[in-house]
Amino acid sequence: MELNNTSALVTGGASGLGEATVRALAARGARVVVVDLNAERGEAVAASVQGVFASCDVTDPAQVIAAIDAATALAPLWSVVNCAGIAWAQRTVGKDGEYASAHDLDVYRKVIEVNLIGTFNVCRLAATAMSHNTPDDDGGRGALVNTASVAAQDGQIGQVAYSSSKGGIVGLTLPLARDLSAVGVRANCILPGLIDTPIYGFAPESEEFKARLASGVLFPHRLGQPSEFASLAVELLANSYMNAACVRLDAGVRLPPK
Ligand SMILES: NC(=O)c1ccc[n+]([C@@H]2O[C@H](COP(=O)([O-])OP(=O)(O)OC[C@H]3O[C@@H](n4cnc5c(N)ncnc54)[C@H](O)[C@@H]3O)[C@@H](O)[C@H]2O)c1
C-alpha cells in the first residue's frame, strides 16, 4: 500500500510509540495528524514533521471526527495507528480483605474506556472515512494498526484492568478485519513487550524498574526502542498482504506472574 501523498492518523502520537510512528510515517511521505490529549508535546511533534496536531480524546466521537477531517483536509486518509493508552496496576482483592479495598471499579471502567473503547471508536470512524477512498489495484482503501500488549496474553499480578483492555483489542482484530474487508480496509494488531517509553516515568526508580524488566527479556537482553515498534507498524500498513494478524514484538519475553 502506498503511503506517499496520503494522510495518516496516529493516536497517542505525542509520546513514546506513537511519536516514533509519526516520525516513521512522515519519513515515508505521509502527512501525519498527531492525535493526543497532550497539546504541548503534540504540537511540537506535529511541527517537527510538518504535520498537524489534533487535540482529541479518543473516546469522544465528535473529537475523533474532527481529527479525521483534519487528516482528509491534508490528503486522503489511508493509515491509522492507535497508540493512545493508559496503564494501571491494582490487585483485585485488597490486603485488608475489606470490600472497600477491592479493585476500584471506576478505574477498571476508565482503562477499558480509553484503551479498548477509544481504539474501537477511532477504528469505526476512520474506516468509515476510508471507505470513500478511490481503491488501489487490490480494491484496498486503507489500513489500521492497533496496539495491544503482551499483557493481553501474559498479564501480571495487578494488571487485570490493563490486560482486559488489551485482550479486547486482540479479540476485535479478526472480526474487525472481516467487517472491513467489505470496504477494502485491513486491520492488524501489535502486542509490544517492554519498550522504553515515558510510560515507565522518569524517576530514578523507573530506571531500576526498567533494568529489572530487561533482565527477563530472552534476546536481545534489553528493552525495545520505539523506532522498532514504528518500523513494524509501518510494515503492517504498507504490506498489502498483512491482514487480521496479531504480532508480538517482544524479543521472546514471557511475563512471569510478577
Ligand atoms: N511502552 C511499553 O512497554 C508498552 C508495552 C505494551 C503496550 N504498550 C502500549 O502502547 C501504547 C503507547 O504506549 P507508550 O509506551 O508510547 O505510552 P506513552 O505514555 O508514552 O504515550 C501514550 C500517549 O497516549 C496519550 N493518551 C492517553 N489517553 C488518551 C486519550 N484518551 N486520548 C488521546 N490520547 C491519549 C497520552 O497523552 C500519551 O501521549 C499504549 O496503548 C500502551 O498500553 C506500551
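Before reading further, recall that the structure is shown in the block above.
Not measured: the values here are computed from a predicted model.

Thresholds applied
Think of each chain on its own: its residues are numbered from 1, step by step along the sequence as written. Only residues with pLDDT of at least 70 get local features here, since the model is predicted, and only at 80 or more are side-chain atom pairs given and counted; chain-wide, interface and lining totals rely on the full set of residues. Each helix is a run of DSSP H or I of at least 4 residues and each strand a run of E of at least 2, with the numbering of both proceeding from the N terminus. In this treatment the radius of gyration is a C-alpha quantity, and the globule benchmark scales as 2.2 Å times the residue count to the 0.38 power. Exposure criterion: with C-beta atoms placed from backbone coordinates, a residue whose C-beta has 20 or more other C-beta atoms within 10 Å is buried, one with 12 or fewer is exposed, and one in between is partly exposed. Two residues qualify as being in contact provided that their C-beta atoms, derived from the backbone, are within 7 Å of each other. A set of buried residues qualifies as a nonpolar core if it consists of Ala, Val, Leu, Ile, Met, Phe, Trp, Tyr and Cys joined through C-beta atoms within 7 Å. A strand pair is defined by DSSP finding two or more bridges across the two strands. The crossover handedness rule: strands pointing away from the viewer, path from first strand over the helix to second strand clockwise, crossover right-handed. Comment: axis = line fitted to C-alpha atoms, over the contacting stretch for helices; angle = value between 0 and 180 degrees taken between N-to-C directions. Whether a residue is near a molecule or strand depends on its C-beta atom, placed from the backbone, lying within 6 Å of it.

### Some points on the overall build of the chain
Line of reasoning, step 1. Assigned secondary structure in the chain consists of 7 helices and 7 strands.
Line of reasoning, step 2. Seen in sequence order, the chain has helices and strands lined up from the N terminus as β-α-β-α-β-α-β-α-β-α-β-α-α-β.
Line of reasoning, step 3. Taken over C-alpha atoms, the radius of gyration comes to 18 Å for the chain, in line with the 18 Å a tight globule of 258 residues would show.
Line of reasoning, step 4. Looking at the chain as a whole, 42% of its 258 residues are labelled buried.
Line of reasoning, step 5. In the chain, of all internal contacts separated by at least 6 residues, the share reaching a separation of at least 24 is 70%.

### Section: the nonpolar core
Line of reasoning, step 1. Among the nonpolar cores identified, the biggest contains 69 residues, and Leu-9, Val-10, Leu-25, Val-33, Val-34, Ala-67 and Ala-126 are the most heavily contacted of them.
Line of reasoning, step 2. Among the elements that take part in this core, helix H4 (residues 105-130) stands out by supplying 9 residues, more than any other.
Line of reasoning, step 3. Ignoring any residue separated from it by four or fewer positions in sequence, one finds Leu-25 in contact with Leu-3, Ala-8, Val-10, Ala-30, Val-32, Ser-79 and Val-234.

### Section: the pairing of strand E3 (residues 52-55)
Line of reasoning, step 1. One ladder, built from 4 bridges, connects strand E2 (residues 31-36) with E3; its direction is parallel. Note that in E3 the partner of Val-35 across the bridge is Ala-54.
Line of reasoning, step 2. Read as a crossover between parallel neighbours, the route from E2 over helix H2 (residues 39-48) to E3 is right-handed.

### Concerning the environment of Val-160
Line of reasoning, step 1. The topology assignment puts Val-160 in helix H5 (residues 160-180).
Line of reasoning, step 2. Residue class for Val-160 comes out partly exposed when judged on the 19 C-beta atoms lying within 10 Å of it.
Line of reasoning, step 3. Between the C-alpha atom of Val-160 and that of Pro-61, which follows or precedes it by 99 residues, the distance is 27 Å.
Line of reasoning, step 4. The contacts of Val-160, once residues within four sequence positions are left out, are Thr-92, His-103 and Gly-155.

### Re the sheet that holds strand E6 (residues 185-192)
Line of reasoning, step 1. Spatially, 7 strands are ordered E3-E2-E1-E4-E5-E6-E7 in an open sheet, and the strand pairing comes out parallel. Two strands close off the open sheet at either side, each with one partner strand: E3 and strand E7 (246-249). Neighbour-to-neighbour, the strand axes of this sheet turn through a mean angle of 20°, independent of strand direction.
Line of reasoning, step 2. Pairing between strand E4 (residues 77-82) and strand E5 (residues 142-147): 4 bridges, direction parallel. Within E5, the residue paired with Val-80 across the bridge is Leu-144.
Line of reasoning, step 3. On the sheet, helix H1 (residues 16-27) packs against strand E1 (7-11), E2, E4, E5 and E6 and is oriented at approximately 170° with respect to E1.

### As for the site of the ligand
Line of reasoning, step 1. In the vicinity of the ligand lie 29 residues, with Gly-12, Gly-16, Gly-85, Thr-197 and Ile-199 positioned nearest.
Line of reasoning, step 2. Sorting the residues of the shell around the ligand by element identifies H1 and H4 as the ones contributing at least two each.
Line of reasoning, step 3. The leading source of residues in the shell around the ligand is H1, at 3 residues.

Remember that the coordinates give geometry; whether it matters functionally is a separate question.
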